[in-house]
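Read off the chains here:
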Amino acid sequence: MEPEEKNPESKYGDPRKFDPTFKGPIYNRGCTDILCCILFILALLGYFAVGILAWSQGDPRKVLYPTDSKGQFCGQVGSPLEKKPLLFYFNILKCASPLVLLEFQCPTTQICVERCPDKFMTLVKALRKEDDREYYKQFCKEGVDMTKVITRRCLPALETLKGGVVVVGNKTTFTDDRGQNINATDLLEASKKSNVVVEARAVAMRIFEDYTQSWHWILLGLVIAMLVSLMFILLLRCLAGVMVWVMIIMVVIVIGYGIFHCYMQYASLKGQAGSDVTIKDLGLQTDFSVYLQIQQTWLAFMIILCIVEVVIILLLIFLRKRLLIAIALIKEASKAIGHVMSSLFYPLLTFALLSLVIAYWGITAVFLSTSNEPVYKVFNTTECMYSRDTCNPETFNSSNITTECPDAECLFAFYGGETLYHKYLILFQFYNLFLFFWCANFVTALGQVTLAGAFASYYWAFKKPDDIPAFPVFNSLGRALRYHTGSLAFGSLILAIVQVIRVILEYLDQKLKGAQNKCAKFLLSCLKCCFWCLEKFIKFLNRNAYIMVAIYGKNFCTSAKDAFFLLMRNIIRVAVLDKVTDFLLFLGKLLIVGIVGICSFFFFTGKIKIVEDAAPSLNYYWVPILTVVFGAYLIAHGFFSVYAMCVDTLFLCFLEDLERNDGTADRPYFMPERLLSILKKSNEGVKTVD
């Protein structure tokens, strides 16, 4: 057979040439992208140094406990204030100051108390009776009637009567200890300002409480999701064709049930008082269950699900002729996984490594954000030249500030610092985020290269399973770590840079939301869209580049170029086979998430009578539901990523097989009979093992 002529005008390179010695992944290879490997190792060492520094300086108690004017933690176990978990403001009116939003601290004396006051009293009134005087001592100054606790803070319980009249303790005004009349409306404004800086923590604390109440049920839900995913994969291995059609039908049914449930909820709220309020009028509520009591929420859910249902049905109609080809490719992937069963358990390693990366990033971020020192400032009611200056509470009473400003106090203002470490704290946070993206992408890339090497060994084995090497996954993992750590770090670095830029753009977008510059907003929106597309393209290119790295052992740039040119030379087949298969696998993940999500919804909302008593009492029942749904998607994605990587690897090998070979006795195809028959090709005088 004459060698094929080289085409000098080929835009995307020349097709692969026949090589009788090529039998799959090359074992005689060398290290690639060594400089990037060294850079990655140095970056990891720096990451560990930042973590150690943060853990030595940080104090997570600042997130969990309120802080009084002396910087002490209210309610901390083992401290003198252990039995005083609540924070009481001396003068809530001072919380209306803009300084609250700037310094995240209300400029008034704050103390830790055992319980909030439940009596309306002034100092003059308290001095008349001994009982009142003893009660008043707990708070030093007058309390307010019917107070409530928000994030362990005592705030006045204000009510709005018909006509918009604001009252506190059934009074529109009250007299303070200086004899001045104070309107309840002023209290309302002050409460709102003070509540702004603590509302987020209130939600976080409630969510944290929900997790402490439901974590074991969440864990059980994730285990069920893992079992369902594993069972689905095993059924797909044995009955690929049947399971794909079952999967398609079930997805349509599950989404249809979601539409029906949303409609029933929408209909049941019709005519109920307050259900016709719009989400815009309702505004931001920390009790998210309020949104489920209005019709517009369920109408929005129903519209979204209807759109998803219509899109899926239309895609299935237009792709009906290509589904058979995609199903055949999935069957071949099922067969490959059957011969490389250890590949199904590799996602557990990826999941463990990603969990480690996420945990390290989260803990480091918390310690960095709480590694500031308490800063005290001078607060006063009269004019004073030292106002808002930093001070030392231990030496404040003996300083000349108290002489010149008798009413001045040295109070805790916020957490900060003037040291070199505190000045560059924001850079440490940025470095923590960047390394998180880099490490997470590296772990994902390691899994892709490992699985690609294993499945390529299966495809290029002419007599299957006799020619498949022993322990293909373990051998592929060893090759990836030994020779290609630098290439994995290179591809992960490019993706991490793009992801960090996207985070910065999102941050700028939040800052410019209140701006009036339409041009800046438009430009920012365009940049966000461009970098989103760039990230998707890089992920696609990296994935195929890693397959080439696993097979040929070349550096990242060469592998990326070879993979891109190979795909572009076969762009029609890429659109017909690869993307349709990805769509079917996505439907499988959607089905698993839908099943687990519906079951968790009925359990945590107490709609299953058999286990109604076992369901935990929660602030937000959507917290465990969303956690289970998100976790189920990650688990399903982990299992189906094996299938997806298998399909992509077999697809690239399949394209190379078509270029290298022609089906003759000297150059037989390595693809199985099933794919040969679909492409209307055959091996002349040679029978492949199917």
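No experiment lies behind these values; they were computed from the predicted model shown.

1. Description of the environment of I294
When you line up the elements, I294 lands in the loop between α8 (279-282) and α9 (295-318). Taking relative accessible area as the criterion, I294 reaches 3% and is therefore assigned buried. Sequence separation of I294 and Y266 is 28 residues, and the distance between their C-alpha atoms is 8.1 Å.

2. A few points about the state of the cysteines
Scanning the entire structure with this criterion turns up two disulfides. Here C384 connects covalently by a disulfide to C405, the sulfurs 1.9 Å from one another. Given an S-S torsion of about 85 degrees, the disulfide between C384 and C405 has right-handed geometry. Of this pair, C384 sits in the loop between β9 (373-379) and α12 (401-404) while C405 sits in the loop between α12 and β10 (409-416), placing them 21 residues apart in sequence.

3. Comments concerning a nonpolar patch on the surface
Judged by side-chain polarity, M231, L235, L239, V242, V246, I249, M250, I253 and I595 come together as a nonpolar surface patch covering roughly 750 Å² of accessible area. Those elements that provide at least two residues to the nonpolar patch are α6 (184-238) and α7 (240-268). Top contributing element to the nonpolar patch by residue count: α7, with five residues. Residue position: L235 is located in helix α6.

4. Focus: empty space enclosed by the protein
One pass over the full model with this rule turns up one cavity of 30 Å³ or more. Empty space within the largest cavity amounts to approximately 30 Å³. Among the secondary structure elements, those contributing two or more residues to the lining of the largest cavity are α14 (425-459) and α15 (472-483). Among the elements that line the lining of the largest cavity, the one with the most residues is α15, at three residues. Within the lining of the largest cavity, the residues separate by chemical class into three nonpolar, three polar and two charged.

5. Here we look at the packing of aromatic side chains
Evaluated as defined, the whole model comprises 20 aromatic pairs. Seen from their ring centres, Y47 and Y360 are 4.8 Å apart, and the 75 degrees between their planes marks the pair as edge-to-face. With a gap of 313 residues between them, Y47 in helix α1 (residues 34-57) and Y360 in helix α11 (residues 346-369) connect regions that are remote in the sequence. Across this residue pair, the class does not change: Y47 and Y360 are buried.

6. Topic: the pattern of salt bridges
Scanning all chains against the criterion turns up six salt bridges. With a shortest N-O distance of 3.5 Å, E506 and K528 are connected by a salt bridge. With E506 in helix α16 (residues 485-511) and K528 in helix α17 (residues 518-552), this pair connects stretches of sequence that are 22 residues apart. Residue K554 is joined to D562 by a salt bridge in which the shortest nitrogen-to-oxygen separation is 3.8 Å. When its relative accessible area of 35% is taken as the criterion, K554 is described as partly exposed.

7. With respect to the nonpolar core
The biggest cluster of nonpolar side chains holds 119 residues, and the ones touching the most others in it are V244, W438, F455, Y459, L584, L587 and Y643. Broken down by element, this core gets its largest block of residues, 20 residues, from helix α20 (residues 622-660). Discounting residues that sit within four places of it in the chain, Y643 has contacts with I233, L236, R237, I330, A333, S334, I337 and L585. With ten residues, the next largest nonpolar core counts V378, I401, A408 and C410 among its residues.

8. Concerning α20
Helix length check: α20, at 39 residues, gives a terminal C-alpha distance of 54 Å against a target of 57 Å (1.5 Å per residue), a fit within 8%. Burial runs high along α20: 30 of the 39 residues are buried.

9. What about the packing of α14 against α17?
Put simply, α14 and α17 touch, their axes get as near as 8 Å, and they point 50 degrees apart. One way to sum up the angle between α14 and α17 is to call them oblique. Handedness of the α14/α17 crossing: right-handed. Taken together, the residues of α17 that come into contact with α14 (itself represented by A445, Q448, V449, A452, G453 and A456) are R543, Y546, I547, A550 and I551. When grouped by side-chain class, the residues that make up the contact of α14 with α17 number eight nonpolar, two polar and one charged.

10. What about unusual backbone geometry?
You will see that D33, though not glycine, has its phi angle at about 50 degrees, which is positive. Along the chain, the position of D33 falls in the segment before α1. Located in the positive-phi region is F471, a residue other than glycine, with phi close to 50 degrees. Tracing the backbone shows F471 in the loop between α14 and α15.

So, how was this worked out
- Residues numbered from 1 in each chain as written.
- Predicted model: local features only at pLDDT ≥ 70, side-chain atom pairs only at ≥ 80, totals over all residues.
- Heavy atoms only, no water.
- Helix = DSSP H or I, 4+ residues; strand = E, 2+ residues; numbered from the N terminus.
- Buried < 20%, exposed > 50% of the residue type's maximum accessible area, 1.4 Å probe, protein only.
- Disulfide = S-S within 2.5 Å.
- Patch = residues over 30% accessible without salt bridge, like charges linked within 9 Å, V, L, I, M, F, W, Y side chains within 5 Å.
- Areas by Shrake-Rupley, 256 points an atom, 1.4 Å probe, with all protein chains shown as cover.
- Salt bridge = Lys/Arg side-chain N within 4 Å of Asp/Glu carboxyl O.
- 1 Å grid on protein atoms, 1.4 Å probe; cavity = no way out; pocket = protein on both sides within 12 Å on 5 of 7 lines; lining within 4 Å.
- Points joined across faces, edges and corners; volume = space filled by probe spheres on them.
- Nonpolar A, V, L, I, M, F, W, Y, C, P; charged D, E, K, R; others polar.
- Phe/Tyr/Trp six-rings, centres within 6.5 Å; stacked < 30°, edge-to-face > 60°.
- Core = buried A, V, L, I, M, F, W, Y, C linked by side-chain atoms within 4.5 Å.
- Contact = heavy atoms within 4.5 Å.
- Expected span 1.5 Å × (residues − 1).
- Axes fitted to C-alpha atoms, helices over the stretch in contact; angles between N-to-C directions.
- Parallel < 35°, antiparallel > 145°, perpendicular 65-115°, else oblique.
- Left-handed = near helix turned anticlockwise from the far one by under 90°.

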